[in-house]
Amino acid sequence: MKTSSTKKAVVLAFLVAAGILMQLIESFFPVVMIVPGYKIGLANITGLFALYAYGIKEMWIVTLLRIFLSALAQGSIFSVSFALSMTGGLMGLAAMSLAYKCGWFSIYGVSTAGAAAHSFGQVLAISWIYQQFFMQLFLPVLTALSIVSGLAIAMLTSMLLTRLRFSRALERG
């Protein structure tokens, strides 16, 4: 294994661990809103970071491992919340991959596309699981909230990427 591939593996493992920690911490703070279960999704910073630091494949690895291991740590593996998280995550990953690959969007557009697709995926899953199609009425509000979430996550990730690039430049001299 090369040094650069070892370093990459360590960084990706760190991103998975940081994402799990952020997801666990966020789960302790219920957000009381009009839409039940809404969270800003701070753990998505790790997947977006992986996308812009390494690429699409690494974003998928970090995000899917984070979702699976977080559910395992919370004891909710293969529960309804896991199904919602996984469905939203897969839809978000697909949207972000397409938005990133086409090259038309900045980090803000990519993140917002992922957040909106995540909300759509969760509403689709909850409607299918419980056969409660009135949940789709929450979609406009969730989409509006996901725009705010997507922009916030993109802003934080962009700041992190800028900070790390600056610190790498200082290390090189």
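Residues numbered from 1 in each chain as written. Predicted model: local features only at pLDDT ≥ 70, side-chain atom pairs only at ≥ 80, totals over all residues. Heavy atoms only, no water.

J.: Let's hear about the overall build of the protein: which residues, and what values?
T.: Within the protein one finds six helices and zero strands. Put simply, the protein runs from its N terminus to its C terminus through helices and strands in the order α-α-α-α-α-α. Expressed as a percentage of its 173 residues, the buried residues of the protein come to 36%. The contacts of the protein with a sequence gap of at least 6 include a subset with a gap of at least 24, amounting to 69%. Carbon and sulfur atoms make up 73% of the accessible area of the protein, which amounts to about 10100 Å² in all. (Helix = DSSP H or I, 4+ residues; strand = E, 2+ residues; numbered from the N terminus. Buried < 20%, exposed > 50% of the residue type's maximum accessible area, 1.4 Å probe, protein only. Contact = heavy atoms within 4.5 Å. Areas by Shrake-Rupley, 256 points an atom, 1.4 Å probe, with all protein chains shown as cover.)

J.: Please give an account of the nonpolar core that cites residues and values.
T.: Formed by 19 residues in total, the largest nonpolar core has its most connected members in Leu15, Leu48, Leu51, Val62, Met96 and Val110. Elements with a minimum of two residues in this core: helix H1 (3-27), helix H2 (44-53), helix H3 (56-74), helix H4 (80-102), helix H5 (107-130) and helix H6 (139-172). Considering each element in turn, this core owes the most residues, five residues, to H2. If we ignore the near neighbours within four places in the chain, the residues touching Leu51 are Ile56, Met59, Met96, Tyr100 and Val110. (Core = buried A, V, L, I, M, F, W, Y, C linked by side-chain atoms within 4.5 Å.)

J.: Break down the pattern of salt bridges for me, citing the residues and quoting the values.
T.: With the rule as written, the count across this model stands at one salt bridge. Its salt-bridge partner being Glu58, residue Lys8 comes within 2.5 Å of it at the nearest N-O pair. Of the two residues, Lys8 sits in helix H1 while Glu58 sits in helix H3, which places them 50 residues apart along the sequence. Its relative accessible area of 27% is what places Lys8 among the partly exposed residues. On the basis of relative accessible area, Glu58 is assigned to the buried category, the value being 6%. (Salt bridge = Lys/Arg side-chain N within 4 Å of Asp/Glu carboxyl O.)

In short, geometric facts, not functional conclusions.
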